[in-house]
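Working through the structure, step by step
Okay, here's what each chain looks like letter by letter:
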Amino acid sequence: MSIDTNNESFEVAARRSLELESDLQANPERFRMLTGDRPTGPLHIGHLFGTLLNRVRMQDLGVDVFVLIADYQTITDRDAPAQIRGDVLGLVADYLAVGIDPERATIFAHSQIAELNQLMLPFLSLVGVGELQRNPTVKAEFAANGGPSMNALMFTYPVHQAADILFCRANVVPVGRDQLPHLELARQIARRFNDRYIPGKPYFPEPTALLSSAPLVLGLDGHKMSKSRSNAISLSMDEDQTARFVQGARTDSERRITFDPVHRPEVSNLLLITSLCNGVPPEMIAEEIGEDGSEELKIRLAEALNERLRPIRHRRRDLLEDPAHLGALLARGNERARNIATSTLNHVLESMHMRY
Ligand code: TRP
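Now for a quick tour of the structure. (Residues numbered from 1 in each chain as written. Predicted model: local features only at pLDDT ≥ 70, side-chain atom pairs only at ≥ 80, totals over all residues. Heavy atoms only, no water.)

1. Overview of the packing of helix α12 (residues 265-278) against helix α13 (residues 282-289)
Using the following cut-off: The axes are straight lines fitted to the C-alpha atoms, using for helices just the contacting stretch, and the angles between their N-to-C directions are given from 0 to 180°. The way it works is that DSSP assigns letters per residue, a run of H or I at least four long becomes a helix, a run of E at least two long becomes a strand, and they are numbered from the N terminus. Should an angle fall under 35 degrees it is called roughly parallel, over 145 degrees roughly antiparallel, and 65 to 115 degrees roughly perpendicular, with every other angle called oblique. With the far helix as reference, a near helix turned anticlockwise by less than a right angle produces a left-handed crossing, and one turned clockwise produces a right-handed crossing. Two residues qualify as a contact provided that any one of their heavy atoms is within 4.5 Å of a heavy atom in the partner residue. Charged residues are taken to be Asp, Glu, Lys and Arg, nonpolar residues to be Ala, Val, Leu, Ile, Met, Phe, Trp, Tyr, Cys and Pro, and polar residues to be all remaining types, Gly included.
Contact geometry of α12 with α13 gives a least axis separation of 8 Å together with a crossing angle of 110°. Classified by the angle their axes make, α12 and α13 are roughly perpendicular. As for how α12 packs across α13, the hand of that crossing is right-handed. Note on element contacts: α13 touches α12 through P282, I285, A286 and I289, opposite L271, T274, S275 and N278. For the contact of α12 with α13, the per-class residue count stands at 5 nonpolar, 3 polar and no charged.

Shown next as structure tokens:
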């Protein structure tokens, strides 16, 4: 695919996403949104400002929100670790702590939904090997992970992701730009299934990408925020850890603090995070700090973070004191997801004349 077609499809997706945002405001009850995370450790402020708060916003608008814990996806690039149960329950605690309400939203782990995973079989029959080879994420993993020795679950995971979305017939999927090709594949699988087996009576909606409007938060070293880089403030850190972490943030040698994302990315990122936490525009924070320099900026950042995260952290800690309760809440979400997946699989089998 050429750069041009990529840009063109990005523009189409961006336009669709804008229309979707206003439809969501006007008619939230027409939408089911699905998002998910891999359980590879506690979520951080990049997740909070990039996606978690948006999920809560959608839930509060009245959209039917599904939150998927993509535990099977962790074995695309590692062995299932012994602490996976803790990671999964930690994720449930993160969700509840930020305000996802298990009475209104459905939190589930896809490994527990056999009927969802079975959709992978008919879906695989609708996708070409060449298509997967051209998928940018698969292509990058192929290059990074020893080429042909890449495992086949990694190779097919965009199809698995389509099953995650289509099993509950979600019509909205919040994504970053890098995930757009996956969503395009899910749209194609929906279309191909409908066309091949039930022409004129579409069963699967083509899910629409909701592109994030949140500003991109970088790690404290100015690089992409990620657990493996140790540059992320996780929701689970305590206040002292946060302050110490912020102390080590990268700045620059200019004393006067200004908000200038192009020329001063590190300092501007710290101002942005402070602003996201306390609601004061970054330019104004910079103005107030002025010649007091990066030392003062770090003090304000740590304060703003701890203030903003305090209630979330309290709730998270309380929740983790009762893992059995978290497990029970997850089981309820799984049960709800399983009922939907069972009905979808029945419909799919019927459409394929495989009812005996
Ligand atoms: N692949 C996503 C990630 O790595 C997680 C995910 C799995 C997902 N299935 C999904 C996201 C379906 C959106 C829709 O973050």
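Picking up after the structure, the text goes on.
2. Examining the site of the ligand
This is how it is decided: We define proximity as follows: a residue is near a molecule or strand when any one of its heavy atoms falls within 4 Å of that partner. Residues adjacent in sequence count toward polar contacts only when both atoms are side-chain atoms; beyond that, a polar contact is any pair of N or O atoms within 3.5 Å, and within protein one must be able to donate a hydrogen and the other to accept it. Computed by Shrake-Rupley with a 1.4 Å probe, the accessible areas treat only the displayed protein chains as cover when residues are assessed.
Surrounding the ligand, one finds L34, G36, R38, L68, A70, Q73, Q161, D164 and I165. In this structure, a nitrogen atom belonging to the ligand sits 3.0 Å away from a side-chain N or O atom of Q161. Within the complex, the protein chains bury 85% of what would otherwise be the 360 Å² of accessible surface of the ligand. Residue assignment for the shell around the ligand shows that the elements contributing at least two residues are β1 (32-37) and α9 (152-166). Taken together, the residues that form the shell around the ligand break down as 4 nonpolar, 3 polar and 2 charged.

3. A look at the side chain of S351
Position of S351 relative to the elements: it lies in helix α15 (residues 323-351). At 2.7 Å, the side chain of S351 and the backbone oxygen of H347 are in polar contact. Discounting chain neighbours no more than four positions away, the residues touching S351 are F193, Y197 and I198.

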